[in-house]
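# A look at the structure
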Amino acid sequence: MVVCAAGMVTDVGKLITAAHEWHWDVEVIATPQGLGFLDVEAVEAQTGHPTRSAWRSPGEPRPTRPAVAIAVAPASFNTVNKWAAGISDSLALGVLREAPAMGIPVAVLPYPNSAQDAHPAYRQSLARLRETGALIGSHEPHRPKASGGADHCRLEEALELLAPALSARA
């Protein structure tokens, strides 16, 4: 499993712990903005894998294992809109753009504030992602300029969304 971290990812350790409880191996790919919210050393210690956020350089080896499932948690307004538009200006977005065509199930936990959630482009982006087969989780938009709604984002929901897709493949 790969976790693509986007936006406020201070609780990504909870998602990693939950995935480990399901006996899933986890790697984290962060967007450049999301990387600033991570304790990279702690994430790497918890996963046993390097946290990636940039494309590999020519000549660098490819990651040894392909993803079997991806959780995008939490998914920022920017990530959702770029992904739906087919923009892959970061490693995380590039991985997400290719996943459906490679048969990799993707669960998304949107994390917009109420002003972002009200924007018609955002709703269109979520609809487009559903068309690609992305599994969209529930979300409760938080107030703009508030300290966020991290307490309303139940990251484990991403695993629950992915479980049926993975058991069907087994």
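Below is a summary of the structure that appears in this document. Going along each chain's sequence as written, the residues are numbered from 1 onward. Two thresholds apply to this predicted model, a pLDDT of at least 70 for residue-level local features and 80 or more for giving and counting side-chain atom pairs, whereas whole-chain, interface and lining totals are computed over all residues. Calculated side-chain values reflect all of the structure's heavy atoms, with hydrogen atoms and water omitted.

Time to look at the side chain of Thr-51. Runs of H or I in DSSP of at least four residues are treated as helices and runs of E of at least two as strands, each being numbered from the N terminus. Relative to the elements of secondary structure, Thr-51 occurs in the loop between α3 (40-47) and β3 (70-75). With a 1.4 Å probe rolled over the protein chains alone, any residue whose accessible area is under 20% of its type maximum counts as buried; one over 50% counts as exposed, and the rest are partly exposed. Thr-51 gets classed as buried once you look at its relative accessible area, which sits at 14%. Residue contacts are defined here by distance: any two heavy atoms, one from each residue, within 4.5 Å place the two residues in contact. Among residues more than four places away in sequence, those in contact with Thr-51 are Val-28, Leu-35, Leu-38, Val-40, Val-43 and Glu-44.

Moving on to the pattern of salt bridges. Salt bridges, as used here, are contacts in which a Lys or Arg side-chain nitrogen is within 4 Å of a carboxyl oxygen on Asp or Glu. Taken as a whole and assessed by the stated rule, the structure comprises three salt bridges. A salt bridge links Lys-82 to Asp-89; the nearest nitrogen and oxygen atoms lie 2.7 Å apart. According to the relative accessible area criterion, Lys-82 is partly exposed, its value standing at 21%. Given a relative accessible area of 49%, Asp-89 falls into the partly exposed group.

As a further point, take the packing of aromatic side chains. Here a ring pair, both rings aromatic, is described through the centre-centre distance and the interplanar angle of the planes. Stacked, tilted and edge-to-face pairs are distinguished by plane angle, under 30 degrees for stacked and over 60 for edge-to-face with tilted covering the rest, among Phe, Tyr and Trp rings (Trp via its six-membered ring) whose centres lie within 6.5 Å. Applying the stated criterion across every chain, the model contains two aromatic pairs. The interplanar angle of 65 degrees and the centroid separation of 5.2 Å between the aromatic rings of Trp-22 and Trp-24 together place this pair among those described as edge-to-face. Ring centres of Phe-77 and Tyr-122 lie 5.3 Å apart, and the angle between their planes is 25 degrees; on these two criteria the pair is classed as stacked. Placement of Phe-77 in helix α4 (residues 77-85) and of Tyr-122 in helix α7 (residues 120-131) is noted, with a sequence separation of 45 residues between them. For Phe-77, a relative accessible area of 22% translates into the label partly exposed.

Further remarks concern helix α1 (residues 12-21). Listing the buried residues of α1 in full gives Val-12, Leu-15, Ile-16, Ala-18 and Ala-19. What you see down the axis of α1 is that its buried residues fit within an arc of 165 degrees, all on one side. Residues of α1 that are exposed and point over 90 degrees away from its buried face: Lys-14 and Glu-21. In the segment just after α1, His-23 is the residue with positive phi, at about 65 degrees. Directions pointing from the helix axis toward each C-beta atom define the arc.

With that settled, consider unusual backbone geometry. With an omega of -10 degrees, the peptide bond between Ala-73 and Pro-74 qualifies as cis. Mapped onto the elements, Pro-74 comes out in strand β3. The backbone phi angle of His-23 is positive, close to 65 degrees, even though this residue is not glycine. Relative to the helices and strands, His-23 is located in the loop between α1 and β2 (27-30).

Honestly, it's all geometry; don't read function into it.
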